[in-house]
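Coordinate inspection notes
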Amino acid sequence: MDPRRNFQPGRYDSRDTFTPGSFGPPDFGESDEAELVSVSWNQDYSCFAAGTSHGFHIYNCEPFKETFRRELKDGGFKIVEMLFRSNILALVGGGPNSQYPSNKVLIWDDHQSRCISEFTFRSEIRAVKLRRDRIVVVLEHKIYVYNFMDLRLLHQIENLANPRGLCCLSHHMNTSVLACPGIRRGEVRVEHFGLNMVQIINAHDSNLACMTMTLDGLLLATASTKGTLIRIFNTMDGTRLQEVRRGVDRADIYSIALSPNVQWLAVSSDKGTVHIFSLRVRVIGEDAYSTEHETSSNSLQPLVSPASGANPGSSLSFLRGVLPKYFSSEWSFSQFHVPEVTQYFAAFGAQNTIAIIGMDGSFYRCNFDPVNGGEMTQLEHFHFLKPDSPR
């Protein structure tokens, strides 16, 4: 079931380089009040995109402001994938009355205000992931990896049913790592393309619900549809480095985020609480990854947390192996409560802050105490689709 790439009037010339075509742009213009269809972070969490029933909006997080918007007269997008802060976006149609099909990816150059290429598939697109040298398109049962420069198909990966479109990429130029569901329940497949190596991680007994990686692709965090435990793995050898507990009751995990310094992990779910956990892993040496071939499984090592900044554990941990497992679990270090009425997605900002975006159009920025933990302090709250929102 190979995708059909529609380049006309773009073409391949004799040197096999892609020449962008002059596609007619979507009909951007004034429209009625927009309904929010999707929200998504860019790769370093400094911006986010909001797909609406009439186009898309791009926002900066610190300071919070709308960077630009594009409004359509004939529908909107369910996927708006940014490429850091560049003018390139991947768009997939969706939402009420959208005239853009959900099986087609448009690669949009906003500087030129035109579509520079498009990919059409035979089934609905679940996700699109971008890095500076790759385009990754996620279908329910298959993932396609393309070279960004010439749009050549490089890899096809079969996986178990993946209706959530789970897939994450590394974003360091010296590592090329992709993680996605494997072919068995609860299994993660990690592709180290630069090393020509595949690592299979048996992460959970239940189906996967959420996953994320560090920017270098060496650390992976996962949650299952049970939603009680989050597990952190070394992607080089599949070693489980840490396990933290969100709660005892089942939950639908909406997002997992790892801080850039790999000291903290944030989780949001349908239980209305954003949790922060202290991580006990560290990266040895800032220059340990000058080339991907120098990376070793010893680069990530467990580190026993000091008394400050550690996740609280049960006072009954001495009965480990006798009482149920949750009595000896690591619980969250800091928390922030949001309404349970919609999905929220968390990411780390600067100086011990968390940014949270919601499908109700809310943006929160909160501060957490890295020593004492506890309840986070709300710094900002905006309704980002409303231009007169209080600041």
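Bear in mind the structure is a predicted one, so any value in this text is a computation, not a measurement. (Residues numbered from 1 in each chain as written. Predicted model: local features only at pLDDT ≥ 70, side-chain atom pairs only at ≥ 80, totals over all residues. Heavy atoms only, no water.)

1. Some details on the environment of glutamine 156
Residue placement: glutamine 156 occurs in strand 15 (residues 153-158). The class of glutamine 156 is partly exposed, set by a relative accessible area of 37%. (Helix = DSSP H or I, 4+ residues; strand = E, 2+ residues; numbered from the N terminus. Buried < 20%, exposed > 50% of the residue type's maximum accessible area, 1.4 Å probe, protein only.)

2. Section: the sheet that holds strand 14 (residues 142-147)
An order of 12-13-14-15 is seen for the four strands of this open sheet, with the pairing classed as antiparallel. At either margin of the open sheet sits one strand with a lone partner, and together these are strand 12 (127-131) and strand 15. The mean inter-strand angle of the sheet, taken between neighbouring strand axes irrespective of direction, is 15°. Pairing analysis gives five bridges linking strand 14 to strand 15, with the strands arranged antiparallel. Note that in strand 15 the partner of tyrosine 144 across the bridge is glutamine 156. (Pairing = 2+ DSSP bridges. Axes fitted to C-alpha atoms, helices over the stretch in contact; angles between N-to-C directions.)

3. Details of the sheet that holds strand 20 (residues 208-213)
Taken in spatial order, the four strands line up as 20-21-22-23 in an open sheet, and their pairing is antiparallel. The open sheet is flanked by strand 20 and strand 23 (240-245), the only strands paired with a single partner. On average, each strand axis in the sheet is tilted by 20° relative to the strand beside it, whichever way the strands run. In the sheet, strand 20 pairs with strand 21 (residues 219-224) via five bridges, with the strands oriented antiparallel. In the sheet register, threonine 212 faces strand 21, and the bridge partner there is alanine 221.

4. Considering the pattern of salt bridges
Using the criterion set out here, one finds 18 salt bridges in the structure. For glutamate 71, the salt bridge identified is with arginine 69, shortest N-O distance 3.1 Å. We classify glutamate 71 as buried; its relative accessible area is 17%. Residue classification places arginine 69 among the partly exposed residues on the basis of a relative accessible area of 32%. Between arginine 126 and glutamate 140 there is a salt bridge, and its shortest N-O distance comes to 2.7 Å. (Salt bridge = Lys/Arg side-chain N within 4 Å of Asp/Glu carboxyl O.)

5. Considering the side chain of asparagine 159
Tracing the chain through its elements places asparagine 159 in the loop between strand 15 and strand 16 (168-169). Engagement of the side chain of asparagine 159 in a polar contact is seen with the backbone oxygen of glutamate 140, the distance being 3.3 Å. Dropping the residues within four chain positions of it, asparagine 159 is found in contact with Glu140, His141, Lys142, Ile143, Pro181, Gly182 and Ile183. (Polar contact = N/O pair within 3.5 Å; in protein donor to acceptor, adjacent residues only side chain to side chain. Contact = heavy atoms within 4.5 Å.)

6. Notes on the nonpolar core
With 21 residues, the main nonpolar core has Val105, Ile107, Phe121, Ile125, Val128 and Ile135 as its most contacted residues. When contributions to this core are tallied by element, the ones reaching two or more residues are strand 9 (88-94), strand 10 (104-109), strand 11 (114-120), strand 12, strand 13 (134-138) and strand 14. Ranked by residue count, the leading element in this core is strand 9, at three residues. Residue contacts for isoleucine 107: discarding those within four places in its chain leaves Ile88, Leu89, Ala90, Arg114, Cys115, Ile116, Ser117, Phe119, Ile135 and Phe148. (Core = buried A, V, L, I, M, F, W, Y, C linked by side-chain atoms within 4.5 Å.)

7. Details of the packing of aromatic side chains
For any pair of aromatic rings, geometry is given as the distance between the ring centres together with the angle between the planes. For the structure shown, the criterion picks out 23 aromatic pairs. Aromatic side chains tyrosine 344 and tyrosine 364 sit 6.2 Å apart centroid to centroid with 55° between the ring planes, which places their arrangement in the tilted category. Of this pair, tyrosine 344 sits in strand 30 (residues 344-348) while tyrosine 364 sits in strand 32 (residues 362-367), and the two are 20 residues apart along the sequence. Here tyrosine 344 matches tyrosine 364 in class, with each residue buried. These aromatic residues form a ring-pair network of at least three members: Trp41, Tyr45, Phe48, Tyr59, Phe64, Phe363, Phe382 and Phe384. In this arrangement the basic side chain of arginine 132 is found over the ring face of phenylalanine 84, its NZ or CZ atom lying 3.8 Å from the centre. (Phe/Tyr/Trp six-rings, centres within 6.5 Å; stacked < 30°, edge-to-face > 60°. Lys NZ or Arg CZ within 6 Å of the ring centre and 35° of its normal.)

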